[in-house]
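# Descriptive analysis of the structure
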Amino acid sequence: MFITFEGPDGSGKTLQIRLLAKFLRTKDYIVFTAREPGGTEIGDQVRNILMDMKNTAMHPRTETLLFCAARAQIVEEIIKPHLKKGEVVLLDRYADSTMAYQGYGHQNDLDLIRRLLDFATGRLKPDLTLLLDLDPDEGLRRRQQGGGEWNRMDAYQLALHQRVHAGYLEMAKQEPERWRIVNANQPPDVVQSLLRKIVSEYLTHNYPK
Ligand code: TYD
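The following paragraphs examine the structure supplied in this document. (Residues numbered from 1 in each chain as written. Predicted model: local features only at pLDDT ≥ 70, side-chain atom pairs only at ≥ 80, totals over all residues. Heavy atoms only, no water.)

### Concerning the site of the ligand
Taken together, 16 residues surround the ligand, and among them D9, R93, T98, Q102 and M153 come closest. For the ligand, the protein covers 96% of the area, taking 540 Å² as the surface of the free molecule. Of all the secondary-structure elements, those providing two or more residues to the shell around the ligand are α2 (41-51), α3 (60-84) and α4 (95-105). Broken down by element, the shell around the ligand gets its largest block of residues, four residues, from α4. Here the shell around the ligand is built from residues that sort into four nonpolar, four polar and eight charged. (Near = heavy atom within 4 Å. Areas by Shrake-Rupley, 256 points an atom, 1.4 Å probe, with all protein chains shown as cover. Helix = DSSP H or I, 4+ residues; strand = E, 2+ residues; numbered from the N terminus. Nonpolar A, V, L, I, M, F, W, Y, C, P; charged D, E, K, R; others polar.)

### Regarding the pairing of strand β1 (residues 2-6)
The buried count for β1 comes to five of five residues, which makes it a mostly enclosed element. Neither face of β1 is open: one carries F2, T4 and E6, the other I3 and F5, and all of them are buried. Alignment of β1 against strand β3 (residues 88-92), held across four bridges, turns out to be parallel. Counterpart to T4 in the pairing with β3 is L91. (Buried < 20%, exposed > 50% of the residue type's maximum accessible area, 1.4 Å probe, protein only. Pairing = 2+ DSSP bridges.)

### A short note on the packing of helix α1 (residues 13-26) against helix α8 (residues 188-206)
At a minimum axis separation of 10 Å, α1 and α8 run at an interaxial angle of 50 degrees. As the angle between them shows, α1 and α8 are arranged oblique. Crossing geometry of α1 relative to α8 is assigned as right-handed. Each of L15, Q16, L19, L20, F23 and L24 in α1 lies in contact with α8, whose residues at this interface are P188, V191, Q192, L195, R196, V199, S200 and L203. Counted by class, the contact of α1 with α8 contains ten nonpolar, three polar and one charged residues. (Axes fitted to C-alpha atoms, helices over the stretch in contact; angles between N-to-C directions. Parallel < 35°, antiparallel > 145°, perpendicular 65-115°, else oblique. Left-handed = near helix turned anticlockwise from the far one by under 90°. Contact = heavy atoms within 4.5 Å.)

### Overview of the sheet that holds β1
Strand order in the open sheet made by the five strands is β2-β3-β1-β4-β5, with parallel pairing throughout. The sheet is open, and its two borders are formed by β2 (31-35) and β5 (179-183), each paired with just one other strand. Taking each pair of neighbouring strands and ignoring which way they run, the sheet shows an average axis angle of 20 degrees. Where β1 and strand β4 (residues 128-133) come together, four bridges link them in parallel fashion. Across the sheet, the residue bridging to E6 is L131, located in β4. Of the strands in this sheet, β1, β2 and β3 touch α3, which is tilted by about 150 degrees from β3.

Next comes the structure, spelled out in structure tokens:
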């Protein structure tokens with residue numbers, strides 16, 4: 001069972017994943033969590049290049065390829081082996097982030113990015129993708145007020161973050177069987193109980209014990 005979490009910066013994914021993992025473990029699932037970009041030794045090095053505020057000269061194509069490089073590594077080194085063992089893998093961002101930010105956000109050719117992602121992931125698709133939906137200006141406000149580090153990606157103009165948001169909604173519409181949208185502009189415990197309900201129902205239907 002491969003579940004990915006998507007959403008704009010500041011939507012609270014990290015906290016929600018931690019709480020959901022804890023909940024699933026109480027239900028006797030073996031749960032593995034990781035975040036992108038990073039999650040592997042090589043991926044973390046790539047992440048540092050991507051997030052470094054010094055790297056203002058980075059071209060959007062360079063950025064796209066670096067995200068894909070980190071992803072290729074985490075798929076082979078981490079995700080596939082854990083899935084093979086029958087674990088539930090919760091991943092903080094995956095290929096849809098590249099579609100949203102580098103595709104819709106930077107207005108690159110979406111079909112090309114899709115093919116690049118197929119190459120990077122070896123076509124490994126999530127079973128379920130949870131979109132923590134939040135207005136981009138609210139997300140950026142949260143980040144600026146101290147919700148984590150302020151990095152090179154956050155510093156992009158609001159217009160890019162708005163295209164990212166619209167891109168997420170468009171992708172969710174195109175593949176409704178994989179995506180679930182949760183309004184992240186609610187107290188964290190409300191968001192968490194919605195996520196628990198969605199994931200519990202999905203597991204009961206698709207992975208009965
Ligand atoms: P991070 O600090 O992990 O932020 P968050 O908590 O919002 O996930 O930074 C990840 C940033 O990188 C975030 O702005 C989204 C961006 N990103 C892409 O642009 N493309 C990608 O493929 C991925 C995985 C992330």
